[in-house]
Structure formats: structure tokens, C-alpha cells
Amino acid sequence: MENLLKNLKISKRVAALPSQKRNELIAKIADEIWSNADKIIAANEIDLAENSNLSSAMKDRLRLDLPRIKALAQSVRNVAALPEVLGRTMEGWRAKSGVNIEKISVPIGDICVIYESRPNVTAEVAALCLKSGNGCALKGGKEARHTNLALVGAIHAALGEFAGAVAYLDVPREKVGELIKMRSYLDLIVPRGGAGLVHFVSENATVPVLAHDKGVCHVFVDKDADLDKALAICINAKCSRPSACNAAETFLIHEGVANAFLPRLADELAKFETEIFGCEKTAALIPCKVASRENYASEYLDFKVNIRVVSDLEEALAHIAEFGSGHSEAVVSENYSVCEEFLRSVDAACAYANASTRFSDGGEFGFGAEIGISTNKLHARGPVGLRELTTYKYIVRGSGEIR
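Below is a short write-up of the structure.

1. As for helix H4 (residues 37-50)
Counted at 1.5 Å a residue, the expected span for H4 with its 14 residues is 20 Å, and the 20 Å between its end C-alpha atoms agrees. Lining the buried residues of H4 we find helix H3 (19-35), helix H5 (56-62), helix H6 (66-81) and helix H8 (145-159).

2. A short note on the nonpolar core
Counting 56 residues, the largest nonpolar core has Ile 33, Leu 159 and Ile 371 as its most contacted members. Counting residues per element, this core draws most heavily on helix H7 (residues 120-131), at eight residues. With sequence-adjacent residues up to four places away left out, Ile 33 is seen in contact with Ile 40, Ile 69, Val 76, Ala 123, Leu 151 and Ala 154. If you look at the next biggest cluster of nonpolar residues, it comprises 36 residues, including Val 219, Cys 239, Cys 279 and Tyr 352.

3. Regarding the pairing of strand S13 (residues 350-353)
Covered by surrounding structure in S13 are Cys 350 and Tyr 352 only, the residues Ala 351 and Ala 353 on the alternate face being uncovered. Pairing geometry for strand S12 (residues 328-332) and S13, over four bridges, is parallel. Within S13, the position partnered with Ala 330 by the bridge is Tyr 352. Between the parallel elements S12 and S13, the chain passes through helix H16 (residues 336-345) in a crossover that is right-handed.

4. A word on the side chain of His 254
The residue His 254 is located in strand S8 (residues 248-254) in this model. We classify His 254 as buried; its relative accessible area is 8%. A polar contact is formed between the side chain of His 254 and the backbone nitrogen of Gly 256, at a distance of 2.9 Å. At a separation of 3.1 Å, a polar atom in the side chain of His 254 contacts the main-chain carbonyl oxygen of Ser 311. In contact with His 254, not counting residues within four places along its chain, are Phe 220, Val 221, Asp 222, Lys 223, Val 309, Val 310, Ser 311 and Asp 312.

5. Thoughts on the sheet that holds strand S11 (residues 304-310)
Overall, parallel pairing links the seven strands, which are arranged S10-S9-S11-S8-S7-S12-S13 in an open sheet. Each of the sheet's edge strands pairs with one partner strand only, and the pair in question is strand S10 (289-290) and S13. As paired elements, strand S7 (residues 217-221) and S8 share five bridges and run parallel to each other. Residue pairing across strands places Cys 217 opposite Ala 248, the latter belonging to S8.

6. Quick look at the pairing of strand S2 (residues 100-107)
In this sheet, S2 lies alongside strand S1 (residues 89-94) in antiparallel orientation, the contact comprising five bridges. The partner of Glu 91 across the bridge, within S2, is Lys 103. Joining the antiparallel neighbours S1 and S2 is a turn of five residues, in which Gly 98 adopts a positive phi near 105 degrees. As paired strands, S2 and strand S16 (residues 390-397) are joined by eight bridges and run antiparallel to one another. From the neighbouring strand, Pro 107 faces S16, where its bridge partner is Thr 390.

Rules of the game
- Residues numbered from 1 in each chain as written.
- Predicted model: local features only at pLDDT ≥ 70, side-chain atom pairs only at ≥ 80, totals over all residues.
- Heavy atoms only, no water.
- Helix = DSSP H or I, 4+ residues; strand = E, 2+ residues; numbered from the N terminus.
- Expected span 1.5 Å × (residues − 1).
- Contact = heavy atoms within 4.5 Å.
- Core = buried A, V, L, I, M, F, W, Y, C linked by side-chain atoms within 4.5 Å.
- Buried < 20%, exposed > 50% of the residue type's maximum accessible area, 1.4 Å probe, protein only.
- Pairing = 2+ DSSP bridges.
- Right-handed = clockwise from strand over helix to strand, strands pointing away.
- Polar contact = N/O pair within 3.5 Å; in protein donor to acceptor, adjacent residues only side chain to side chain.

Following this line, the structure appears as C-alpha cells:
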């Protein structure tokens, strides 16, 4: 592991390459992934067979079929096509001393991403790090081991002499505690996975951490909502891909529309065999299990959802403030004032009015891909794309000035 991390220093040579050359390397990664699709699918089938006990939602996270590989290759190409982020002059001014100061974007350094299940992360993170001139260490979960190794093989074939800039750490989970303390080699740790992983890394790392907490996302359906629109948003937010961190886990329904809306919502959720946990008012209107505080705090990543009937926007915001994780929150209402108050007041990286929380994604935001969704409030928040993978330094030019 230590030798692989030492080799990441070749990323400085990658950062020094002209933008066009870095883009060509990333495009070659996309080509290699697509040309090795059969090999990657075969490896993925081994992982799926070895993890047959996973829930259907978690198997969906793990699965890479031909359409998904095609989409993955395109996602990598999208990264290559994005504007350059290195060497940007963010600010510039002449100081009172006469020196000229510029604030210039530069790579963060060597970044380690620790993740579970989703093998598409392997290629997308590698592309983002190469584009932004960063070294990339990948620690994938054991459930996706064969798929990840097949993807890394394609990446290394594309990179040639620069292959060391992307390291795959095929080490046991017990090594993570050691990895997150390797400040001599790493500049940033990004944990992408369940709450247990994120908390362990955040509490034990000595390398700086860019983390997201669990994705406990909400949709508030206001009394002035278009109920057809609200139904489509709720079902998309929960059921389109429940294993994603931007999937809704709780619906907050205004009491003024609960009688009309909840039976319709329950019927649609039943089509996906979604298990419902509800408050007493919800239970009086539709069949459900009684929701506890533990339910409201849970990130299910599965076909399970909480429902609570609330009296107004203030109660909805109070619930989100208590149980939300600062990820993505949505309001559905035709009342402009309600929407604007929600957007202004809710404490979340991504706040939505009349749209699904499922748009919290680097690709959907136009970032090409993402290294993760940050619920931090310092440095980066929300989908972490190329610009968030840079920091800055000050370039000062003078003509003999002294202080």
C-alpha cells in the first residue's frame, strides 16, 4: 500500500501536462472501458454471484451491465470535455506596497476515496482527479472487488507511463485505519459509503476529510401543491433508485391535502412494494407501520419510506432541522412565498422547489461526474466536481519591493 501511495507523486507530472494532453488521456480511459465491456461485465457477474445475499437495492448499486458501462464511458468523456480548472486566475490586484497579487487555482494533491458497492465510482473519480491534476488512490469495497480491478486494468492501460497516478488499494478493510493516517502521502480523504464508514473515517483520520453524512432527504408537500406534480416527484425521489444517497427517505405532507393525497401516494408506492412507516395521522388514512424516531433518522437505501402529516411549513422545517442530514431537501407548492421561504430557510447542500431530490448529482449539475456529495460547510458543499478538487495559491510579483 505504501509503495502505491508513493507512486502517486507522478500526478505532479500529469498536472504539468497541457490541458489537451490530460483530456486525451481521459478520453482513452473511456475508450478502454468500452472496448473491455465484456471483461468488466464478466467480473461484475462474479461480484453479484458472491454477494447474492445483498438486498435488491444494493445489488442495483453493484450491477454494471452494458447500458451502464456505455453511460459510464460517456460520463468519463464528459469530464474530458469540461473547461480547464487549473491555473485559473480567481482574483488579482495590486497591493498598497506595489506588488501584484494573483489567486491561482492549483490541485489539492493526492486524494484517497474510500467507497462501497458502486464500481462506477472507480472510473469517474479517476477521470476527475486526472482532469484536476490530482493523484488518485481508490479503496473500493470487497463486494465490487472483481469489477473494480477490471476497471482499473482498463484505466492503467489507457494511462501508460502515467498509470501510477491512479492507485487501486486492494487491501483488507482492517487496513483503512492505517490508510486514513498516512499524511505523508495523502492530502485528502473522501469516504463514500454508509454512515458507519463515514463516521469511522471522520473520527479517526489524521488526513483532512471531505465527507457526506447519511442522505436523509425529505420532500414536503404543501397545501398549495399541484398533487399530480407532487405524486410524480415523490415517487421519483423515493423509487427511481432508492439505493442512491439523494433518494428521499421521508415525505412530509401538509394536513390540508393529506386526505386527498395520501391514498394516491400509497397506491403508487405499493407498485414498488415500498414499506411505509407513518405517524398516527398517516396511519388513520393509509395502511402503514408506526414510525419511530429511529425511522425518521434512518437512511434506508431501500424500498422503505417514512410519512408524517404536518400542520404547516414551520413544522416541516422543524422536522427537517431535527432529522435531516444536510444533503437534499425539496418542497412542492404552487405558492411562490412558501417555496422561497423553504429554499431560504432549509439547511441543506441542495434545496429544491418543485423538483425531485434525485437531481443532486454531479452529472445532473453539469459537472460531468462527481467525487461525492459533501454535506460539509467548509471548502465544498453538495456535488463535488472539478472546481472543488482544486485549491489555490497566491502568486506575488514585484520589482524589488521590501517591507
